Each structure stands twice: as structure tokens, then as C-alpha cells.
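# A structural walkthrough
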Amino acid sequence: MSLYDDAVLVLKEYGDQPELRDVYLEHLAAHPDGMYKPCQAGHLTSSALVIDPSRGQVLLTLHRKLGMWLQMGGHCEAGDTTLEAAALREAREESGIETGLTLLPGGPVRLDRHPIPAPCHWHLDVQYAALAPADAVAEISEESLDLRWFAYDEVAGVADTSVVRLLENTLKRL
């Protein structure tokens, strides 16, 4: 199964946000290249909120280009076989936590469509949650200005509403 096929299957099975889910599916139907960055009409991305329930904290990265505290995530790559694999790869790369990260069962936690600068127009993010082991030590990557653990109640003070909603939905699943 290709990454494109996996994305269509994941989105068809995703039960929340039906209107936005349909936008994603329509985008993929119209753009067979819609999984990857070169698709100028927009493309899917995959991300994961790294969370440590034992400490009541989430790990956020201060994005180098955007200057915002965000979950780990980014573009799908040719070697990615599933959206889950892409989210987990991004979480490992950007958090520096090489072992022990596992995705919260049940598929995506939410979807978030947001505009990006030209030449592309949209990121259609499929958002997961990754559980970190209790002894996880994060290490900043070259994609970040900073990397920091935040208590659940601190997130709204540093991150945008998309990250806050992702955390809320993740906590409902736990």
C-alpha cells in the first residue's frame, strides 16, 4: 500500500471533524501528488504531540522558521509508508527521543488545516499523539530554536489554539 492509499484509508476511518476530513479527501482525489511538499495546491503533513502522562507534560519545539511553540511534525517523505510512520519519524527527529516513543492508539487525534506562504498554499496536518517513556530525555534538533517540556496548564500560554486543541483531544483519549 502506498502512502497516498494509507492516507485515504486513515482519513476515511477518522470519525471526527467530518467537514474537514472531507476537505482532505477531496484534496487528495484532485491531487495525486497531494502527499508531498511540491504540490502547490497544498499537501498533507503529519505531526505528533509528544506527551509524558507520568509527568503531566508535553514537549514542544520552538519552530525555527515560524518562531512558534508547536508539536513535532512536518512533511511526508518518500520513505514514509504510513501517516503514522511519518508522525513517529518526525517526533523522533525533532525531539531527539530515539527510543520508546509510541503513538497513542486509535489513529489521528485531530486534523488541522492552516495557510502557509507561497508557492504552496495549505498544510493539511494529520495530528497524532506520541507517548514518551517516563525517563525520556529530549535533545534539540537543528530544526528548532528551543525544545521544552511544558505542564498541561502552561500550553495555552505559549502555543496557538491548534496545539491547545490537540492537547485537549489527546487528554480526552488518555
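Residues numbered from 1 in each chain as written. Predicted model: local features only at pLDDT ≥ 70, side-chain atom pairs only at ≥ 80, totals over all residues. Heavy atoms only, no water.

## Points about the overall build of the protein chain
Helix and strand content of the protein chain: five helices and eight strands. Beginning at the N terminus, the succession of helices and strands in the protein chain can be written as α-α-β-β-β-β-α-β-β-β-β-α-α. A compact globule built from 174 residues would reach a C-alpha radius of gyration of about 16 Å, and the protein chain, at 15 Å, matches this within 12%. Principal-axis analysis of the C-alpha atoms gives the protein chain an extent of 45 × 30 × 30 Å. Here the protein chain holds 174 residues, and the buried ones make up 48% of them. (Helix = DSSP H or I, 4+ residues; strand = E, 2+ residues; numbered from the N terminus. Rg over C-alpha atoms; globule rule 2.2 N^0.38 Å. Buried < 20%, exposed > 50% of the residue type's maximum accessible area, 1.4 Å probe, protein only.)

## Quick word on the packing of aromatic side chains
According to the stated counting rule, one finds one aromatic pair in the structure shown. Above the ring of W122, the side-chain terminus of R113 is found at 3.6 Å from the ring centroid. (Phe/Tyr/Trp six-rings, centres within 6.5 Å; stacked < 30°, edge-to-face > 60°. Lys NZ or Arg CZ within 6 Å of the ring centre and 35° of its normal.)

## A word on the pattern of salt bridges
With the rule as written, the count across this model stands at eight salt bridges. For the salt bridge of R89 with E77, the shortest nitrogen-to-oxygen distance reads 3.3 Å. On the criterion of sequence distance, the pair formed by R89 in helix α3 (residues 83-95) and E77 in the loop between β4 (72-75) and α3 is long-range, its members being twelve residues apart. A relative accessible area of 14% means that R89 is categorised as buried. Given a relative accessible area of 39%, E77 falls into the partly exposed group. Note that E93 is salt-bridged to R89, the shortest N-O span being 3.4 Å. Taken together, the residues E93 and R89, both in helix α3 and four residues apart, mark about one turn of the helix. The partly exposed category is assigned to E93, whose relative accessible area is 36%. In this structure, a network of salt bridges that share partners links the residues E77, D80, R89, E90 and E93. (Salt bridge = Lys/Arg side-chain N within 4 Å of Asp/Glu carboxyl O.)

## With respect to the packing of helix α1 (residues 3-13) against helix α2 (residues 18-30)
One can describe the packing of α1 onto α2 by two numbers: an axis separation of 10 Å at closest approach and a directional angle of 155°. Taken together, the axis directions place α1 and α2 in an arrangement best described as roughly antiparallel. Along this stretch, α1 crosses α2, giving a crossing that reads as left-handed. Where α1 approaches α2, its residues Y4, A7, V8, L11 and K12 are matched on the opposing element by R21, Y24, L25, L28 and A29. Class assignment for the residues of the contact of α1 with α2 results in eight nonpolar, no polar and two charged. (Axes fitted to C-alpha atoms, helices over the stretch in contact; angles between N-to-C directions. Parallel < 35°, antiparallel > 145°, perpendicular 65-115°, else oblique. Left-handed = near helix turned anticlockwise from the far one by under 90°. Contact = heavy atoms within 4.5 Å. Nonpolar A, V, L, I, M, F, W, Y, C, P; charged D, E, K, R; others polar.)

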